[in-house]
Amino acid sequence: MDEQHKPAWQMNRRDILFLGIIAAVILLLVLGTTERTTRPVPDDDVHLHSTSRAACMQCHGPQGVRPQPAGHTRADQCFQCHQQPEGWQGLSR
Ligand code: HEC
Ligand code: HEC
């Protein structure tokens, strides 16, 4: 056993720690993408241009074409839970 046959690289504690941190970051990213389970607002023309709760409720109120489900929250901030489509043009409400 002489020095020349020693492998150039061996796992040491610092490498294991480093790999552990990378694994933890990847895990957090993967879990983060599945965290939001509420249905997003569809990415269509109607939804890109609806900017107020009143507009939403014309279709999603009890008389609308697609009412909110029974027992749905009466909260006003639709986008707090339903992610708005990319490029949405409204105020944040
Ligand atoms: C002109 C009518 C209309 C308006 C205004 C409208 N929606 Fe919709 N919305 C629909 C219809 C119809 C669907 C279901 C069909 C589809 O997926 O496109 C839908 C689907 C949705 C969905 C997905 C859930 C599902 O049923 O598939 C969400 C969330 C939603 N709308 C939220 C909103 C919010 C928030 C606003 C206000 C910014 C809004 N809508 C404005 C007609 C409308
Ligand atoms: C506190 C969170 C929250 C807020 C605020 C909220 N919603 Fe919802 N909404 C939900 C949840 C939870 C569901 C049912 C589960 C799901 O989306 O799959 C739902 C379901 C819906 C659906 C039916 C989706 C489907 O699966 O068919 C529509 C339409 C909808 N919401 C519209 C609205 C509109 C319009 C507003 C604003 C006036 C609004 N929501 C505000 C949480 C919220």
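Here the structure is a predicted model, which is why all the values come from computation and not from measurement. (Residues numbered from 1 in each chain as written. Chains lettered and ligands numbered in written order. Predicted model: local features only at pLDDT ≥ 70, side-chain atom pairs only at ≥ 80, totals over all residues. Heavy atoms only, no water.)

Participant: Help me understand the site of ligand 1 in this model?
Facilitator: Around ligand 1, the surrounding shell holds 16 residues, and the nearest of these are H47, C56, C59, H60 and R66. Between a nitrogen atom of ligand 1 and a side-chain N or O atom of H60, the distance comes to 2.7 Å. Every element with two or more residues in the shell around ligand 1 is listed here: helix 2 (45-49), helix 3 (53-60) and helix 4 (78-81). Counting residues per element, the shell around ligand 1 draws most heavily on helix 3, at 4 residues. (Near = heavy atom within 4 Å. Polar contact = N/O pair within 3.5 Å; in protein donor to acceptor, adjacent residues only side chain to side chain. Helix = DSSP H or I, 4+ residues; strand = E, 2+ residues; numbered from the N terminus.)

Participant: Would you explain the coordination of the iron atom of ligand 2 in this entry?
Facilitator: A metal bound by six donors in octahedral fashion has ideal angles of 90 or 180 degrees, whereas one bound by four tetrahedral donors has an ideal angle of 109.5 degrees. Only H72 (NE2) and H82 (NE2) from the protein coordinate the iron atom of ligand 2, and they sit 1.9 Å from it. Around the iron atom of ligand 2 sit 6 donor atoms; with metal-centred angles ranging over 87 to 180°, the donor geometry is octahedral. Within this pair, whereas H72 is found in the loop between helix 3 and helix 4, its partner H82 is found in the segment after helix 4, the two being separated by 10 residues in sequence. With a relative accessible area of 27%, H72 lands in the partly exposed category. H82 sits in the partly exposed class, given a relative accessible area of 24%. (Donors = N, O, S within 2.8 Å, 3.2 Å for Na, K, Ca; no water. Tetrahedral: all angles 85-135°; square planar, octahedral: opposite > 155°, others 65-115°. Buried < 20%, exposed > 50% of the residue type's maximum accessible area, 1.4 Å probe, protein only.)

Participant: Mind showing me how you'd approach the packing of aromatic side chains here?
Facilitator: Centre distance and the angle of the planes are the two values used to describe a pair of aromatic rings. Taken as a whole, this structure holds 1 aromatic pair when the rule is applied. Residues F79 and W88 carry aromatic rings whose centres are separated by 4.4 Å and whose planes lie at 65° to one another, so their mutual orientation is edge-to-face. Residue F79 shares its accessibility class with W88, and that shared class is buried. (Phe/Tyr/Trp six-rings, centres within 6.5 Å; stacked < 30°, edge-to-face > 60°.)

Participant: How should I be thinking about the site of ligand 2 in this particular structure?
Facilitator: Close to ligand 2 lie 16 residues, the nearest being R39, H72, C78, C81 and H82. The contact in question runs from an oxygen atom of ligand 2 to an N or O atom on the side chain of R39, over 2.9 Å. Elements supplying a minimum of two residues to the shell around ligand 2: helix 3 and helix 4. No other element matches helix 3, which puts 4 residues into the shell around ligand 2.

Taken by themselves, the reported measurements are silent on function.
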